[in-house]
Structure formats: structure tokens, C-alpha cells
Amino acid sequence: MSSEATRGLALDFASQIAPAGCIDIRRFFGGSALVRNGAQFGFVMKGTLYLRVDAAMRAEFEADGSEPFSYRAAGREVTVHRYYAVPAHVIDDPALLHSYAERALHATYTPGHRLADTLQAATTSG
């Protein structure tokens, strides 16, 4: 998938998750990152949407058969357990996708980010 197509897919997911302009799409290695208030909560890579997970989301995604993001580097497989592929039934349900994105934003919280601002901006209905 070309970088332009990946960006288009990321923009499509972003528009399903929050009102226009609430989510920034940035280059992320060979894909596109979904960023809100400086916090990356997901990305699109090779046509797949990955969201940041906490322990509860990880268990739900694994129960749905989703796998963590992985890539090959220096001749070995690297698995990133903080990001999981979003199950197809979540992508097909806009309300559920929005809910999971909110949860991914919450899982992304770090001391440098104000969680209340992040969630409020992403959940504003438009």
C-alpha cells in the first residue's frame, strides 16, 4: 500500500473516530500515525489500523483474535504489545470504533499530557 493510500485510510479512520480536525495524521515510518494533543494513540500500517491498548483492551483484542503489531528488524521479529490490530467488527461499527479510540487515548496518557483535554476534544460530537 502506498504512503498516499495509507494516509487516506488513516484520514478515513480519523473521520470516523472524531470530528474533522480533532486528530492529526502524521508520517510514521512506513505508515500514518493518529495523534491527538501530541499523544499518538494509533496508526495505520500496511492497510491495518492499530490502537494503543491497556491490559483490558489487550485481553479483548486477543479474545477477538487480534494480534499485536510486529515487524522484522536486524533479522528478527519484533513485537510491540502496546499496539494491537483493531478487529474487523470494531472497524465496521462506528460507535464501537469511537469507543475503542477513546479507550486508546486513555491508554496513551503520560504525565506530559492533560488527559481531560485529550478525551474532551476527541469526543465532541459534530
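In this text the structure is predicted, and so the values were computed from the model without any measurement. (Residues numbered from 1 in each chain as written. Predicted model: local features only at pLDDT ≥ 70, side-chain atom pairs only at ≥ 80, totals over all residues. Heavy atoms only, no water.)

A.B. asks: So what exactly am I meant to see when it comes to the overall build of the protein chain here?
C.D. replies: Along its length, the protein chain carries 5 helices and 6 strands. Going residue by residue from the N terminus, the α and β elements of the protein chain occur as α-β-β-β-β-α-β-β-α-α-α. For the protein chain, the proportion of its 126 residues judged to be buried stands at 40%. Partitioning the intrachain contacts of the protein chain with sequence separation of at least 6 by distance along the chain shows that 49% fall at a separation of at least 24. (Helix = DSSP H or I, 4+ residues; strand = E, 2+ residues; numbered from the N terminus. Buried < 20%, exposed > 50% of the residue type's maximum accessible area, 1.4 Å probe, protein only. Contact = heavy atoms within 4.5 Å.)

A.B. asks: Whenever I open this one, the packing of aromatic side chains confuses me. Can you help?
C.D. replies: Counted under the stated rule, the structure contains 8 aromatic pairs. With centroids separated by 5.8 Å and ring planes inclined at 35°, the aromatic side chains of phenylalanine 69 and tyrosine 71 adopt a geometry described as tilted. Looking at phenylalanine 69, the relative accessible area reads 11%, which means it is buried. A residue is classified by how much of its surface remains accessible, and tyrosine 71, at 37% relative accessible area, is partly exposed. (Phe/Tyr/Trp six-rings, centres within 6.5 Å; stacked < 30°, edge-to-face > 60°.)

A.B. asks: When you look at the sheet that holds strand S2 (residues 31–36) in this model, what are you seeing that I'm missing?
C.D. replies: Sheet strands pair via backbone hydrogen bonds, and the direction of the pair is either parallel or antiparallel. With respect to topology, 6 strands assemble into an open sheet ordered S1-S2-S3-S4-S6-S5, the strand pairing being antiparallel. Looking at strand neighbours, the two that pair on one side only are strand S1 (24–28) and strand S5 (68–73), the edges of this open sheet. When strand polarity is set aside, the average angle formed by the axes of neighbouring strands in this sheet is 35°. The pairing of strand S4 (residues 48–52) with strand S6 (residues 76–85) spans 3 bridges and is antiparallel. If you follow leucine 51 over to S6, its bridge partner there is tyrosine 84. In the packing of helix H2 (residues 55–63) onto the sheet, the strands contacted are S4 and S6, and the crossing angle to S6 comes to about 105°. (Pairing = 2+ DSSP bridges. Axes fitted to C-alpha atoms, helices over the stretch in contact; angles between N-to-C directions.)

A.B. asks: How should the layout of surface pockets be read in this particular structure?
C.D. replies: With a probe scaled to a water molecule rolled over the atoms, the places where space remains empty come into view. There is about 180 Å³ of room inside the largest pocket. Surrounding the largest pocket, Phe28, Phe29, Phe43, Met45, Phe69, Tyr71, Val80, Arg82 and Tyr83 form its lining. Breaking the lining of the largest pocket down by element, the ones donating at least two residues are strand S3 (39–45), S5 and S6. Residue contributions to the lining of the largest pocket peak at 3 residues, all from S6. Taken together, the residues of the lining of the largest pocket break down into 8 nonpolar, no polar and 1 charged. (1 Å grid on protein atoms, 1.4 Å probe; cavity = no way out; pocket = protein on both sides within 12 Å on 5 of 7 lines; lining within 4 Å. Points joined across faces, edges and corners; volume = space filled by probe spheres on them. Nonpolar A, V, L, I, M, F, W, Y, C, P; charged D, E, K, R; others polar.)

A.B. asks: Teacher, can you tell me more about the pattern of salt bridges here?
C.D. replies: Close approach of charged atoms lets side chains of opposite charge pair. Evaluated as defined, the whole model comprises 3 salt bridges. The salt bridge involving aspartate 24 is made with arginine 26; its shortest N-O contact spans 3.7 Å. For arginine 26, a relative accessible area of 41% corresponds to the partly exposed category. Linking glutamate 77 and arginine 72 is a salt bridge whose minimum nitrogen-to-oxygen distance equals 3.6 Å. With a relative accessible area of 57%, arginine 72 lands in the exposed category. (Salt bridge = Lys/Arg side-chain N within 4 Å of Asp/Glu carboxyl O.)

A.B. asks: Explain the packing of helix H1 (residues 3–17) against helix H4 (residues 94–107) to me, please; I cannot follow it from the model alone.
C.D. replies: Relative orientation and spacing of two packed helices are given, respectively, by the angle between their axes and the distance between those axes. Where H1 meets H4, the axes come as close as 8 Å, and the angle between the chain directions of the two elements is 95°. Classed by the angle they form, the pair H1 and H4 counts as roughly perpendicular. Between H1 and H4, the contacting residues are Phe13, Gln16 and Ile17 on the first element and Pro94, Leu97, His98 and Ala101 on the second. Its residues assigned to classes, the contact of H1 with H4 comprises 5 nonpolar, 2 polar and no charged. (Parallel < 35°, antiparallel > 145°, perpendicular 65-115°, else oblique.)

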